[in-house]
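What follows is each chain in one-letter form.
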Amino acid sequence: MVAGDSSFLIKPLYNFRIPGIDYDFAITTTHVAMLLVTLTLLTIAIVARIKISKVKPTDKPGALQNVVELAIDMLSSMVDGIMGKNTKRFVNYLSTLFIFLIVSNLAGLFGLRPPTADYGVTLALGLITFILIQFNGIRKNKLSHFTALFQPVWFLFPINLIGEVATPISLSLRLFGNVMSGTVLLGLIYDLLNPYTLGYGAALHFYFDVFSGCIQAYVFCMLTMVFINDKIADE
Amino acid sequence: MEMSNISGQDYVNAMSALGAGIAMIAGLGPGIGQGIAASKACEAVGRNPGAKSAVTSTMLLGQAVAETTGLYGFAVAIILMFVKPFK
């Protein structure tokens, strides 16, 4: 029961050792899925770039151009709704993050194990958010970024510190937990009733991959924006 | 089967599975909280249908944050079942 060969766990595909380091490295399903996600996004981006750079302003826009313009418009209005005048500085990172998370979470639909169901991926994203929060806080508030930890009274310092450190952990665990729970449930159902799952597996995929995945991508970006904006907003 | 046939490792595995089940009781709180949030959002939309999209996105954000405690329980359950920290 507790065996490690369940279909929803991370599987090593290729083991190797680096000389001098006593540790078994492995290329896992996460690496492959993430590489495929990145390549898909890169291909779409390059094709869109080539197509749009050829278009004259008087031409009728094609299907791809319309979709890309719509997506860019939605993303920048999403960032603009929270960030206001700081939109320009963060819109690139947040749009990239959002598109990457959406495609990663939807990877389960294509038979891949979603990369975001690996805590290594989500923790890295959470730490990037943490660094962005602290860097922008220090840049904006200088020394009062640190003295704010002693507000309103000095003995609340440990609680404030835990509050700061907990941000990336709760962000990354939220994303990981949501995607992982969907992966585990679907894996259990596929293992449990193997020949009969073709029909209702689709409905569960819709809920866990499409609905939950899109919401969690939105929430991750939203919370990143809110936390950064907390530090850099003018009082 | 006699009790003496159960090794220490079997006992640890069984208790880990039991602990994973107990950890998932953490799902109770977020369920109630999300239900309350959704009901309040329905009330808000009923009073002010024009603000439907703003209410919906705020509700989803709040629900996703409220879900975190349940997911901590889920993380504990996953670790007990698959990472097996007590060997």
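Residues numbered from 1 in each chain as written. Chains lettered and ligands numbered in written order. Predicted model: local features only at pLDDT ≥ 70, side-chain atom pairs only at ≥ 80, totals over all residues. Heavy atoms only, no water.

A. Local environment of the pattern of salt bridges. Residue and element names in this part refer to chain A. Using the criterion set out here, one finds 3 salt bridges over all chains in the structure. Taking the shortest distance from any N to any O, the salt bridge between D24 and R17 comes out at 2.7 Å. Given the relative accessible area of 52%, D24 is considered exposed. For R17, a relative accessible area of 46% gives the class partly exposed. Through salt bridges with shared partners, a single ionic network connects R17, D22 and D24. (Salt bridge = Lys/Arg side-chain N within 4 Å of Asp/Glu carboxyl O. Buried < 20%, exposed > 50% of the residue type's maximum accessible area, 1.4 Å probe, protein only.)

B. Spatial organisation of unusual backbone geometry. One non-glycine residue, K142(A), lies in positive phi territory at about 50 degrees. Although it is not a glycine, K84(B) sits at a positive phi angle of roughly 50 degrees. Considering the arrangement of structural elements, one finds K84(B) in the segment after α4 (68-83). (Helix = DSSP H or I, 4+ residues; strand = E, 2+ residues; numbered from the N terminus.)

C. Just the packing of helix α2 (residues 28-47) of chain B against helix α3 (residues 52-66) of chain B, in detail. Residues and elements named next belong to chain B. Running from amino to carboxyl end, α2 crosses α3 at an angle of 170 degrees, the nearest separation of the two axes being 10 Å. What the angle tells us is that α2 and α3 run roughly antiparallel. Between α2 and α3, the residues in contact are P30, Q34, A37, A38, A41, A44 and V45 and K52, V55, M59, Q63 and A66, respectively. Tallied by class, the residues present in the contact of α2 with α3 amount to 9 nonpolar, 2 polar and 1 charged. (Axes fitted to C-alpha atoms, helices over the stretch in contact; angles between N-to-C directions. Parallel < 35°, antiparallel > 145°, perpendicular 65-115°, else oblique. Contact = heavy atoms within 4.5 Å. Nonpolar A, V, L, I, M, F, W, Y, C, P; charged D, E, K, R; others polar.)

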